[in-house]
Amino acid sequence: MRKSILIIGACGQIGTELTLALRERYGNDQVVASDIREGNESLMESGPFEILDATNYEAVENIVMHYEIEEVYLMAAMLSATAEKFPMRAWDLNMNSLFHVLNLAKEKKINKVFWPSSIAVFGPTTPKEGTPQHTIMEPSTVYGISKQSGERWCSYYFKKYGVDVRSVRYPGLISWKTLPGGGTTDYAIDIFHTALANKKYKCFLNEGTKLPMMYMDDAIRATIAIMECDADKITERSSYNLAGMSFTPAEITNCIRKQFPSFEIEYEPDFRQEIADSWPSSIDDSAAQRDWDWKSQFDLDQTTEEMLRNLGK
Ligand SMILES: NC(=O)c1ccc[n+]([C@@H]2O[C@H](COP(=O)([O-])OP(=O)(O)OC[C@H]3O[C@@H](n4cnc5c(N)ncnc54)[C@H](O)[C@@H]3O)[C@@H](O)[C@H]2O)c1
């Protein structure tokens, strides 16, 4: 299967692994990576790369036309913790980049769009356990407000203009190849680096904060699956709930202690505690299971083993 793909924000935590996975699947030359900065060696050397600012419509359009791009994966965004510090910049990046890509699809210059949403679309009034696909959504963070608005626009562009846009609400993603980019669930990656350095971990969330998480391999598989699914099977044109596992800092600590019995943690919650408290603890992703056969594979034990083994190399 050959098709030409553009990834915007390709050098980040998800973009790096997504680019490599798509290149393996569709051919290196078919997948153009782009970002406002250069990425790691494997990304830069395995296929075409362009410096591109996602907020510049003309620049995005030029790359799309030059490479005859058919599908865009828009991964550039400002994440939850950073967005609380720079609300206007976050809104500007998260919304304008999405409009640019949706408008290119509306004008039929591209024919399919992937845009990720997040569990941050939910808020303090959302049911916390087994959060349904359709439920109360009153996000209280800058990031969550931008993601919820983005979902409404995706749905609008589909209904009004027939734009084939697909989306999932990623939970916190755990990976070892690239460092995380300023989210509230970053602790679940930092903790492995600290354990391997034989140091005590200072956690910015308290010990009982249960959040939905997912191992990166599952997230990449979900992303490719929803993009390859027949269009008529996609019944949610805002975004799909996606679930992997749910755990607390205390539980991940216990899991790490199976390999590092003397690993220590202390809790010093900061402003990110309030963000985490506004999010669900677990997610119901039965709509994704029903529509495109989604099923996660990695639980906390497997994720811990993978992280310690790969980071320890
Ligand atoms: N990582 C997670 O746990 C998680 C969870 C839920 C949703 N998401 C969403 O997935 C997407 C990717 O997240 P990530 O974790 O890879 O983020 P990241 O911060 O690691 O990567 C974002 C990339 O976008 C680039 N970028 C920033 N501004 C840009 C601009 N103006 N033009 C072009 N590129 C720009 C950055 O340089 C970076 O490489 C985002 O939409 C994010 O909201 C991520």
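If you check an unreviewed UniProt entry, the chain appears there as L-threonine 3-dehydrogenase from Arenibacter certesii. Of the chain, the UniProt comment under Sequence similarities (unreviewed entry) reads exactly: "Belongs to the NAD(P)-dependent epimerase/dehydratase family."

Asks: Could you clarify how one ought to interpret the site of the ligand in this entry?
Replies: Close to the ligand lie 28 residues, the nearest being Gly9, Gly12, Ala54, Ala77 and Gly181. Taken together, the elements giving at least two residues each to the shell around the ligand come down to α1 (13-26) and β9 (172-174). Taken together, the residues that form the shell around the ligand break down as 15 nonpolar, ten polar and three charged. Each of domain 1 (5-171 + 237-241) and domain 2 (172-213 + 244-311) gives at least three residues to the shell around the ligand.

Asks: Explain the domain arrangement of the chain here, please?
Replies: By a widespread convention, an interface's size corresponds to the accessible area lost as its parts come together. For the chain, the domain assignment lists domain 1 (5-171 + 237-241) and domain 2 (172-213 + 244-311). Taking only C-alpha atoms into account, the centre of domain 1 sits 23 Å from that of domain 2. With 29 residues of domain 1 at the contact, the number on the domain 2 side is 27 residues. For the side of domain 1 that touches domain 2, the elements supplying multiple residues, two or more each, are α1, α4 (80-85) and β12 (240-241). Residue composition of the side of domain 1 that touches domain 2, grouped by class: eleven nonpolar, 14 polar and four charged.

Asks: It is not clear to me how the nonpolar core should be interpreted in this structure. Could you clarify?
Replies: The biggest cluster of nonpolar side chains holds 90 residues, and the ones touching the most others in it are Ile7, Leu74 and Val113. Ranked by residue count, the leading element in this core is helix α5 (residues 87-106), at seven residues. Three or more residues apiece are contributed to this core by two domains, here domain 1 (5-171 + 237-241) and domain 2 (172-213 + 244-311). Once residues within four sequence positions are removed from consideration, Leu74 is found in contact with Ile8, Gly9, Ala54, Ser97, Leu98, Val101, Val113, Phe114 and Trp115.

Asks: Explain the sheet that holds β12 here, please?
Replies: Picture the strands of a sheet paired through backbone hydrogen bonds; they go either parallel or antiparallel. Strand order in this open sheet of three strands is β6-β8-β12, and the pairing throughout is parallel. In the strand order of this sheet, the two ends are held by β6 (117-118) and β12, each with one partner. Across two bridges, the pairing between β6 and strand β8 (residues 168-170) is parallel. Looking at the pairing, Ser118 lines up with Tyr170 of β8.

Quick notes on the rules
- Residues numbered from 1 in each chain as written.
- Predicted model: local features only at pLDDT ≥ 70, side-chain atom pairs only at ≥ 80, totals over all residues.
- UniProt positions renumbered as here; feature names shortened; annotations may be inferred.
- Near = placed C-beta within 6 Å.
- Helix = DSSP H or I, 4+ residues; strand = E, 2+ residues; numbered from the N terminus.
- Nonpolar A, V, L, I, M, F, W, Y, C, P; charged D, E, K, R; others polar.
- Domains from an automatic or database assignment.
- Contact = placed C-beta atoms within 7 Å.
- Core = buried A, V, L, I, M, F, W, Y, C linked by C-beta atoms within 7 Å.
- Buried ≥ 20, exposed ≤ 12 C-beta atoms within 10 Å, placed from the backbone.
- Pairing = 2+ DSSP bridges.

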